[in-house]
Amino acid sequence: MWRTAVFRLNRKNIDSMSFESLGLAEPIARALADAKYTLPTPIQSQAIPPALQGRDLIGIAQTGTGKTAAFALPILNRLALNPLRVEAKAIRVLVLTPTRELAGQIVESFNTYGRHLRLRVRLAIGGVPIGKQVRSLAEGADILVATPGRLMDLQRSRAVRLDQVEVLVLDEADRMLDMGFIRDIESIVAALPKTRQTLFFSATMPPEIERLAAKMLREPVKVAVTPVASTAERVEQRVAHVDRGGKPGLLIEFLRKEPVDRALVFTRTKHGADRVVRTLEKAGIQTAAIHGNKSQGQRERVLSEFRKGKLHVLIATDIAARGIDVDGVSHVFNFDLPEVPETYVHRIGRTARAGRDGIAISLCSADELPLLDAIEKLIRVDITTVHGERPAKAAAKAAEPRGQQRSRGQQRSQGGQRPQGQQQAKSDNGGNGPGNGGGRRRHGERPRYDPPRFDPLQRDREGLAAVAFMRPTSRNGQE
Ligand code: AMP
């Protein structure tokens, strides 16, 4: 068993920590400002400081939490502070990731955050001719992002040297296990220098992954983003079934009827947020929006009014809502349902701060039913309908956008334990919702067969399927 030094930050620190306070090199800070990143996500606040100190790290986090920047930023900082000429075929940083698609996205992230640095970032993935990759590594590289199989091929053909690697990142370790890459990884790690920094990321920690981590890491700092289920349990959740066009009117009705002290209304897009502001204002409800198109000044002003209770209703997009630390949010409204079910939990968690309970009301149109299904599957609760009627399953299927209907064969087998509350959600396709004839399903109940359904998170976790069917996976569209 590995020894773990848990890096503790209290919630306030995490939420109010700015990128400036992390002390990243100026070109990186500039690139973050270019990308309009204002606040680190929780995994970034927790992982970046110890990683900057050179510590080994285990990060338990999923795609969508900002984990790529959590490892990319400290790595770029190291390279910025210590630029070296790499030798032929040598690399300074190796990032191993299970799928080609993720590998491409990670390269993109390094290029975005490292755009003001002069670095050679290279990609080595299967499914494309190897020659170009061999040539791209001939002069060496600062960063190589690779899938294990192709890296082994490059190693065997002596196109790459691993003896100068300073930092190793193992991304999505649990998915590597599912895809049968663990042997390859062990053999790659054996070729790396013993003295190096290792940053290890996994959404779950099954025993095989713990064993792998124990072999690879030295006194790692362990950081994890809050398990989602515990939050969901403290919030009273309701859903209103309504046409898209009926949403503004219904929101107004709820805001008038409910004992709203402070309400956060989530929309999927910035324009959507602005539209809701206009509609509410016409109805005489004072409100304001915070999103990526607002200046820092506007954002702070609005937040401060919301905190002081001068403004009771705040409209936000998910990214803008990150880092909002306001106690006493009595209601969260999901004007649009999020694409990624975990985002739902983060949203409703805004109302369950400091151990308080809160109310979360989701406005769900027929086309969003697959999203509602995915959320209920994650939190393992059927959300109570308080308005309208949940359309029957057949109608929901018909409304489901094409291309989102997935076959059961594409669902990923669960390799190990998810953080609390998530494991069952992934592996357990409980038949829920009146449309499925299931009524309410509660924790622990054995599910019946459930027809295949759209699970947005699954899209990011279907590495096996991506390989088996030789088709690219698409990234979650949340942000
Ligand atoms: P990841 O979990 O690394 O795949 O990141 C999810 C998405 O969040 C990506 O589209 C990132 O560009 C975005 N992102 C990551 N960190 C931040 C941040 N601090 N502020 C805004 N967006 C972010």
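Chemist: How should I be thinking about the confidence of the model for the protein chain in this particular structure?
Modeler: Close reading of the predicted structure is inappropriate where its pLDDT is low. Taken as a whole, the protein chain shows an average pLDDT of 78; of its residues, 75% reach a score of 70 or greater. Under a pLDDT of 50 for its full length, residues 1-16 has, in the predicted model, 25 contacts with residues more than four places off or in other chains.

Chemist: Could you clarify how one ought to interpret the packing of helix α3 (residues 42-52) against helix α4 (residues 67-81) in this entry?
Modeler: Angle between the axes and distance between the axes are the two parameters that describe a pair of packed helices. Interaxial distance between α3 and α4 falls to 9 Å at its minimum, and their mutual angle equals 25°. In terms of orientation, α3 and α4 fall into the roughly parallel class. Relative to α4, α3 is oriented so that their crossing is right-handed. Counting all contacts with α3, which are made through I43, Q44, A47, I48, A51 and L52, the residues of α4 involved are K67, A69, A70, F71, L73, P74 and N77. Grouping the amino acids of the contact of α3 with α4 by side-chain chemistry returns 10 nonpolar, two polar and one charged.

Chemist: What is the right way to read the nonpolar core from this model?
Modeler: In summary, soluble globular proteins display a tendency toward joint burial of nonpolar side chains. Core analysis: the largest hydrophobic core is formed by 71 residues, its most contacted members being L94, Y113, A146 and F200. No other element matches the eight residues that α4 contributes to this core. In this view, Y113 contacts I28, A31, L32, A69, A72, L73 and L76; residues no more than four positions away in its chain are not counted. V239, A263, I359 and L371 belong to the second largest nonpolar core, which has 46 residues in total.

Chemist: Would you take a moment to explain the packing of helix α7 (residues 148-156) against helix α9 (residues 182-190) for this structure?
Modeler: Axis separation between α7 and α9 bottoms out at 10 Å; the angle between their running directions is 45°. When the interaxial angle is binned, α7 and α9 end up oblique. The way α7 lies across α9 gives a crossing that is left-handed. Taking contact as the criterion, the partners of P148, G149, L151 and M152 in α7 are, on α9, D184, I185 and I188. Taken together, the residues of the contact of α7 with α9 sort by class into five nonpolar, one polar and one charged.

The rules behind these values
Residues numbered from 1 in each chain as written. Predicted model: local features only at pLDDT ≥ 70, side-chain atom pairs only at ≥ 80, totals over all residues. pLDDT = per-residue confidence, 0-100. Contact = placed C-beta atoms within 7 Å. Axes fitted to C-alpha atoms, helices over the stretch in contact; angles between N-to-C directions. Helix = DSSP H or I, 4+ residues; strand = E, 2+ residues; numbered from the N terminus. Parallel < 35°, antiparallel > 145°, perpendicular 65-115°, else oblique. Left-handed = near helix turned anticlockwise from the far one by under 90°. Nonpolar A, V, L, I, M, F, W, Y, C, P; charged D, E, K, R; others polar. Core = buried A, V, L, I, M, F, W, Y, C linked by C-beta atoms within 7 Å. Buried ≥ 20, exposed ≤ 12 C-beta atoms within 10 Å, placed from the backbone.

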